[in-house]
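Descriptive structure summary
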Amino acid sequence: MAQGREAELREKYVSGVKTEVAIARARADVAAVHAELLREGLALPMGGSVSGKVPKADLFVITPAGMPFAEVAPENLVLCGLDGEAVPGTPGSELAPSVAAAGHGYVYRHMPAVGGVVHTLSPYASAWAARGEEIPCALAVVAEEFGGPVPVGESALGDHDALGHAVVDVLAGRRARAVLLRGQGPVAVGATAREAASVAGQLEGVARIVQLAQDGGLLTSLPQSAVDRLYEERHAHEPPQADRPAASKQPLRQLNTATKTKTSR
Ligand SMILES: O=C(CO)[C@@H](O)[C@@H](O)COP(=O)(O)O
């Protein structure tokens, strides 16, 4: 067979099919994450945006604009390039992607280890974001999961590209895998959409516990040395990721002594 023809067939029926299979898997995973977030009480019926990158392709699938989470299905998710534009002629492309699509694409372009972005309006984490208040690292589980307090980010409301810029500005090079966008809500990232949803679930849990603690009286943050130890032990088995420092390189943002947050409520 002519060499050119062989290369053409390989491209079409080997790499092309592999990409199609990867797209189908991403569609199934992201649709399943929407259902899981609803089932777990981590999402409003509408609002937020969830996406998952297609491995080894400059593509991701995302929630259609204005679609209730309960109606999301693999075939109506929107396949986008990393610029956030829908790929014409693909299933779901007749629908507009979430207004936040360009922001999700920005995250994928600037944080290569991220394969899933979950912006969901889970109640307690959204309440911390509404207050523009970081969640103090007052429990070992916060240190293990987030490596310190859960940070706040600034995202110009209505400028949906800003969601991506805010996520990258705060999370690139940091341990935390979630950010509380002031006035907008929490955004969690992970290697996959499922992992990002798991982070969103952990975030909601610690947001609720720490809120209860703060309502109950004086809140004490863990000493930085304990935070570092807890985080390093929890992530010791993980390979260092390109856009996240090894635990010990995390900038020490906090005092090295327990800081006390006086309840104002
Ligand atoms: O981001 C939020 C709210 O924080 C979403 O409700 C808003 O972006 C939804 O837009 P889409 O319906 O996804 O176009």
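The structure we're discussing is the one just above.
Residues numbered from 1 in each chain as written. Predicted model: local features only at pLDDT ≥ 70, side-chain atom pairs only at ≥ 80, totals over all residues. Heavy atoms only, no water.

**Focus: helix H2 (residues 101–110)**
Within H2, seven of the ten residues are buried, leaving the element largely enclosed by the surrounding structure. Every buried residue of H2 is accounted for by Ala101, Gly103, His104, Gly105, Tyr106, Val107 and Tyr108. Buried residues along H2 sit against strand E1 (49–53), strand E2 (59–62), strand E4 (116–119), helix H5 (161–171) and strand E7 (185–190). (Buried < 20%, exposed > 50% of the residue type's maximum accessible area, 1.4 Å probe, protein only. Helix = DSSP H or I, 4+ residues; strand = E, 2+ residues; numbered from the N terminus. Contact = heavy atoms within 4.5 Å.)

**Looking at the site of the ligand**
Near the ligand there are nine residues, and of these Gly66, Ser98, Val99, His119 and Gln184 occur at the shortest range. Within the backbone of Gly66, one N or O atom sits 2.6 Å away from an oxygen atom of the ligand. Expressed as a share of its isolated accessible area of 370 Å², the protein-covered part of the ligand is 77%. For the shell around the ligand, a count of residues per class yields two nonpolar, seven polar and no charged. (Near = heavy atom within 4 Å. Polar contact = N/O pair within 3.5 Å; in protein donor to acceptor, adjacent residues only side chain to side chain. Areas by Shrake-Rupley, 256 points an atom, 1.4 Å probe, with all protein chains shown as cover. Nonpolar A, V, L, I, M, F, W, Y, C, P; charged D, E, K, R; others polar.)

**Quick notes on the layout of surface pockets**
In this structure, the largest pocket encloses a volume near 440 Å³. Along the wall of the largest pocket there are 22 residues; nearest its centre are Ala22, Lys53, Val54, Pro55 and Lys56. Among the secondary structure elements, those contributing two or more residues to the lining of the largest pocket are helix H1 (3–39) and E1. For the lining of the largest pocket, the element with the highest residue contribution is H1, accounting for nine residues. Its residues assigned to classes, the lining of the largest pocket shows twelve nonpolar, five polar and five charged. (1 Å grid on protein atoms, 1.4 Å probe; cavity = no way out; pocket = protein on both sides within 12 Å on 5 of 7 lines; lining within 4 Å. Points joined across faces, edges and corners; volume = space filled by probe spheres on them.)

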